[in-house]
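# Per-entry structural report
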There are 2 protein chains.
Amino acid sequence: MMKLPQILQRVAHEFPNRAGITFEGKTRTWSDVLQRCEQLAGGLRELGLKEGDRLAILSHNSSAMAELFYGPLWLGVVPVPLNWRWTKVELTPCLGDCEPAALVVDAENVEIARELVRLCSSIQTLIYVGDGDVPNGFVDYEAVLRSGERISDCPFGGDDLAAIVYTGGTTGRSKGVMLSHSNLYVNAMNHLEFDAVGVGYSIILSGPMFHISAICRLYIHTFMDVHMLILPQFDALDLMENVQKYQVTSLILISAMAALLLDHPRYSEFDLSSLRKINYGAAPMPPSLIKRLQNAFPGVGFFHGYGATEASGVISTLPAQDHHLEGAAAKRLRSVGKPAPYIELRIVDDKGEEVAPDVVGEIVIRGPNVMLGYRNMPEETAKVLRKGWYHTGDAGYRDEDNYVYLVDRMKDMIISGGENIYSVEVERAIDLHPAVRQCAVIGRPDEKWGEVVHAVISLEPGLTVTEEELIAHCHEYIAGYKCPKVLSIWDALPLSGAGKLQKNEIRDRINAQEKPR
Amino acid sequence: MMKLPQILQRVAHEFPNRAGITFEGKTRTWSDVLQRCEQLAGGLRELGLKEGDRLAILSHNSSAMAELFYGPLWLGVVPVPLNWRWTKVELTPCLGDCEPAALVVDAENVEIARELVRLCSSIQTLIYVGDGDVPNGFVDYEAVLRSGERISDCPFGGDDLAAIVYTGGTTGRSKGVMLSHSNLYVNAMNHLEFDAVGVGYSIILSGPMFHISAICRLYIHTFMDVHMLILPQFDALDLMENVQKYQVTSLILISAMAALLLDHPRYSEFDLSSLRKINYGAAPMPPSLIKRLQNAFPGVGFFHGYGATEASGVISTLPAQDHHLEGAAAKRLRSVGKPAPYIELRIVDDKGEEVAPDVVGEIVIRGPNVMLGYRNMPEETAKVLRKGWYHTGDAGYRDEDNYVYLVDRMKDMIISGGENIYSVEVERAIDLHPAVRQCAVIGRPDEKWGEVVHAVISLEPGLTVTEEELIAHCHEYIAGYKCPKVLSIWDALPLSGAGKLQKNEIRDRINAQEKPR
């Protein structure tokens, strides 16, 4: 039976004295991490938590966050990480949905926790993971660890529930993705891409640990004995200091983070030569940024991953050897690579029939990594899980060599004058303009065309571009009907906790500012 | 959920037209193999087989054998491969234990099947997979495939039973090892050692497909898109002809097979330069043989695997980069490498406490590959599965670098004059004598010493050695009490179907020939 706790038990036995997790200057060995997780299980049992209970977590990244993804599993208690950027209005439905027995919060979330506990009657215990004095009405996390016996045997695994992760909620009510031990285990095991287990890799985790991209990395890196340096959140300076101090070998970046790093005024002060591997996700990086990164970090391998919460992490990967800036293979840089070796991936039309290579359709996948379903949402589950196939909602195509290309979220497709326009394609054209730093393309309602293409950009420092210039630039790369009709220039574009562009927020701001033409 | 059929469905979708399985000159693509397995599921349903039924198989290797490890799984029917070297007396208890609804046999096993069906009342149907006319009372395998609808959806997986494999039965009643989808899946997935999926590897399977070492390879090589060439059984000439004809890249050999290959009179006639990788198992090869192989196949990587039926295949592996014939690392050649990355491995004393490096104890393992248990044997199961730890019965130790060394089967340990003697250690010393081709060391009852060390050897062609010379030779390498007291020279030593030395048979023959001294 596949048991997530066993991943940690194994590494703690094989490499007991190797660095496991570092947070705020404190490093714990794998043996220490295991011991604390087993103590956490015992402490939670003392608090009355039992098999099937949910434990909600509202906290910035910390070593405790990592422990909270392991310890509860020994008891059959399910961690439910929540997005700390969300408001009370957004969090309340999640708590009502998962009915946690306890809520863990850090210092920044004490006040909201007091409000939430009044609204959510299932919460019996508030646990505090912050520094300093323990607020009234809260139990100290470290006291919980000291309060119980260490539990070492975990009878749970396989298809048992191991986490509920609420999806970004870009549209409609947030959905609680139910992931099993087996789901997360197989995703972790796939990362034998790291090849040699126990060769001294280290990685910085700075993405928020309420998001699958960071959660799955916990298990991946435990599996592979990769020393994890956890930062409370992404900060370019903090990241560079840590790379230098701990001789870090690996990073996980998204385009926005990579640019913040390279553009940082103190970038050149740091020795980042220990880096060997940079993972990036969410979306392909513009080739210009890849080129900058390759120049900045010669000899570093770049790995691109495309994934989904419902897929327990990774769906497809583009490895270092596919990062060619020139020649026929350069087009693969725009792809999200090939499916993980345990995933069946198909591109289907709206009847569910597979389409030919190079034809756009919906990406659907099947495999042991596909979620159990959405909590309390049988209809939503049935919509996306059909005969074992998860329907990603992403539009894409495969080329003759089976590389997968994303064109857009199905629902983000712009239809203008009856033509389908994939915003990614337009964004790629805009990105090629040297003055553009960030860009998002949305469809805005229009009486004549149905929708028109509206581009929102931010600028590189010291550079500028006019609406006319940018539209003329786009005409060089894409068909006229795809080119933006309107341009807005903002200081910065809003990002989600995972660093993805928040298109819904951009859309809302645009719609609030302007009436349809 | 981890489903073995999905392994085949994936490869058939990704690489539909690549060669999947070749047998007797006929190659089927992955797409063909999948179609036949799905047809087999439909045909078995027509015959009345249903979820939970067992399907016994008594046949030499064939492409049908491979299909029989997939097709039944769509129905929840469990394949039970049986050892065709066994007599009616040995087979009957297995059939009584697993109560199969049907029995599949090849031409060589038609007569014994007629007897078995009279003894085993559960068998409703006999299926014939041989060539030529279908014997009376048998259903033709190909007709079964044509008789039903293709079944494509498999609702089974995870901890559901996927195979029952009877262990060699070297001592006591043969035990039915129950393996789940998840067990065999995780073992297959570990072989991401092959790195790039779909790079044109091919492998010859000549070991008997009733043994876990061949069964697990079916799933491994399907997973990795490795073209499998199935031989009815091991034959050095047949093997060399196939390597040359199909430009085979990989082999699975045991020491005995490797020697038969290199010593074959027509060895030099064949072009075997396509070989890239040679896997060997069962036991470490003598360094002299590794050296011969390395000279014969320059540039070929050697991989050693140690495993068990109860572990669904592999426990530990020694990769190519650890095959050093000289220097400090050369001692690793005597090891069985390091545990697979999902396995916890410990060496424990008779109280179950872990022992220090270099101290001999029993090898115990824990992980998602560990069997569900022995069928109908709760007491035997409880003996070897304790708190999730499988007790292998193998004695061994770990060095400071975590390489694992086997010293002997616990039960094969010789106790002479109160000293524990591990026969492997004695065998290793004997093997170093140039005249020795095969060797086995057993303990023979002795009035004075309890047991004495008795060596049985066969000789290299044209060479010879006397008892005195061999004992003197051993004294150079091992302590006096470990040296053989008696030597028998036979033309050849008996091998099991898997090519392992049959120590019980050797012991029986020795005891029949001679009284204890």
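Residues numbered from 1 in each chain as written. Chains lettered and ligands numbered in written order. Predicted model: local features only at pLDDT ≥ 70, side-chain atom pairs only at ≥ 80, totals over all residues.

If you look at the interface, chain A gives 24 residues, while chain B gives 24 residues. Every element with two or more residues in the side of chain A that touches chain B is listed here: helix H1 (4-14) and helix H8 (181-189) of chain A. Counting residues per element, the side of chain A that touches chain B draws most heavily on H1 of chain A, at 5 residues. Across the side of chain A that touches chain B, the residue classes tally to 10 nonpolar, 7 polar and 7 charged. (Contact = placed C-beta atoms within 7 Å. Helix = DSSP H or I, 4+ residues; strand = E, 2+ residues; numbered from the N terminus. Nonpolar A, V, L, I, M, F, W, Y, C, P; charged D, E, K, R; others polar.)

To continue, consider the pairing of strand S27 (residues 486-489) of chain A. All names here are of chain A. Here 4 bridges tie strand S26 (residues 450-459) to S27, and the two strands are oriented parallel to one another. Bridge pairing in S27 places Val456 opposite Ser488. Viewed along the sheet, the connection from S26 through helix H15 (residues 467-475) into S27 turns out right-handed. (Pairing = 2+ DSSP bridges. Right-handed = clockwise from strand over helix to strand, strands pointing away.)

Time to look at the relation of the copies chain A and chain B. Between the two copies, chain A and chain B, the superposition gives an RMSD of 0.1 Å; the rotation angle is 180° and the shift along the axis is 0.0 Å. In short, the pair behaves as if placed about a two-fold rotation axis. (Least-squares fit on C-alpha atoms with pLDDT ≥ 70 in both.)

This part is about the sheet that holds strand S13 (residues 277-280) of chain A. Residues and elements named next belong to chain A. Ordered in space as S2-S1-S11-S10-S12-S13-S14-S15-S16, the 9 strands form an open sheet in which the pairing is mixed. Here the strands that pair on one side only, and so sit at the sheet edges, are strand S2 (26-29) and strand S16 (338-339). The sheet contact formed by strand S1 (residues 19-23) and strand S11 (residues 227-230) spans 3 bridges and is parallel. By the bridge assignment for S11, Phe23 is matched with Ile230.

Moving on, we come to the sheet that holds strand S5 (residues 102-105) of chain A. Residue and element names in this part refer to chain A. Pairing in this open sheet of 5 strands is parallel, and the strands run S4-S3-S5-S6-S7 from one edge to the other. With one partner strand each, in any of the chains shown, strand S4 (78-81) and strand S7 (139-140) form the two edges of the open sheet. In the sheet, S5 pairs with strand S6 (residues 125-128) via 4 bridges, with the strands oriented parallel. Directly across from Ala102, in S6, lies its bridge partner Thr125. Where helix H6 (residues 110-119) meets the sheet, it contacts strand S3 (54-58), S5 and S6, and its direction lies at approximately 165° from that of S5. (Axes fitted to C-alpha atoms, helices over the stretch in contact; angles between N-to-C directions.)

What follows deals with the domain arrangement of chain A. Along its sequence, chain A is organised into domain 1 (31-179), domain 2 (234-409) and domain 3 (413-513). Each of domain 1 of chain A and domain 3 of chain A has a C-alpha centre, and these two points are 39 Å apart. (Domains from an automatic or database assignment.)

Another point: the packing of H8 of chain A against helix H9 (residues 212-223) of chain A. How two helices pack is summed up by the angle between their axes together with the distance between the axes. Residues and elements named next belong to chain A. For the pair H8 and H9, the least separation of the axes is 8 Å and the interaxial angle reads 55°. Judged by the angle between their axes, H8 and H9 are oblique. The handedness of the crossing between H8 and H9 comes out as right-handed. Two secondary-structure elements touch here, H8 through Leu184, Asn187, Ala188 and Met189 and H9 through Cys216, Tyr219, Ile220 and Phe223. Within the contact of H8 with H9, the residues separate by chemical class into 7 nonpolar, 1 polar and no charged. (Parallel < 35°, antiparallel > 145°, perpendicular 65-115°, else oblique. Left-handed = near helix turned anticlockwise from the far one by under 90°.)

Keep in mind that most residues, glycine aside, have a negative phi and that most peptide bonds are trans. Residues and elements named next belong to chain A. The phi torsion at Glu24 lies on the positive side, around 50°, for a residue other than glycine. Position of Glu24 among the secondary structure elements: in the loop between S1 and S2. Even without being a glycine, Lys387 presents a positive backbone phi close to 50°. Relative to the elements of secondary structure, Lys387 occurs in the loop between strand S20 (385-386) and strand S21 (389-398). A count of 9 C-beta atoms within 10 Å places Lys387 in the exposed class. (Buried ≥ 20, exposed ≤ 12 C-beta atoms within 10 Å, placed from the backbone.)

Let us now look at the nonpolar core. If you look at soluble globular proteins, the nonpolar side chains tend to sit buried side by side. Counting 318 residues, the largest nonpolar core has Leu82 of chain A together with Leu82 and Val104 of chain B as the members making the most contacts within it. With sequence-adjacent residues up to four places away left out, Val104 of chain B is seen in contact with Leu55, Ile57, Ser59, Leu68, Ile127, Val129 and Tyr141 of chain B. (Core = buried A, V, L, I, M, F, W, Y, C linked by C-beta atoms within 7 Å.)

Residue and element names in this part refer to chain B. Along the chain, Cys154 turns up in the loop between helix H7 (141-147) and strand S8 (161-166). A sequence separation of 116 residues divides Cys154 from Glu38, and the C-alpha atoms of the two residues are 9.7 Å apart. Residue contacts for Cys154: discarding those within four places in its chain leaves Lys3, Pro5, Leu73 and Trp74.

All right, on to the pairing of S1 of chain A then. All names here are of chain A. Most of S1 sits out of view: 4 of its 5 residues are buried. With 4 bridges connecting them, S1 and S2 associate as antiparallel partners. If you follow Ala19 over to S2, its bridge partner there is Thr29. Counted between consecutive antiparallel strands, the loop separating S1 from S2 contains 2 residues, among which Glu24 sits at a positive phi close to 50°.

This part covers the confidence of the model for chain A. The share of residues in chain A with pLDDT of 70 or more is 94%, and the mean pLDDT across the chain is 89. Listed scores for the predicted complex are pTM 0.82 and ipTM 0.79. (pLDDT = per-residue confidence, 0-100.)

Now for helix H9 (residues 212-223) of chain B. Residues and elements named next belong to chain B. Taking 1.5 Å of rise per residue, the 12 residues of H9 would be expected to cover 16 Å, and the 16 Å separating its terminal C-alpha atoms lies within 8% of that figure. In terms of residue burial, H9 counts as a mostly covered element, since 12 of its 12 residues are buried. Those residues of H9 not exposed but buried are Ile212, Ser213, Ala214, Ile215, Cys216, Arg217, Leu218, Tyr219, Ile220, His221, Thr222 and Phe223. Where H9 terminates, the next one or two residues include Asp225, which has phi positive at roughly 55°. (Expected span 1.5 Å × (residues − 1).)

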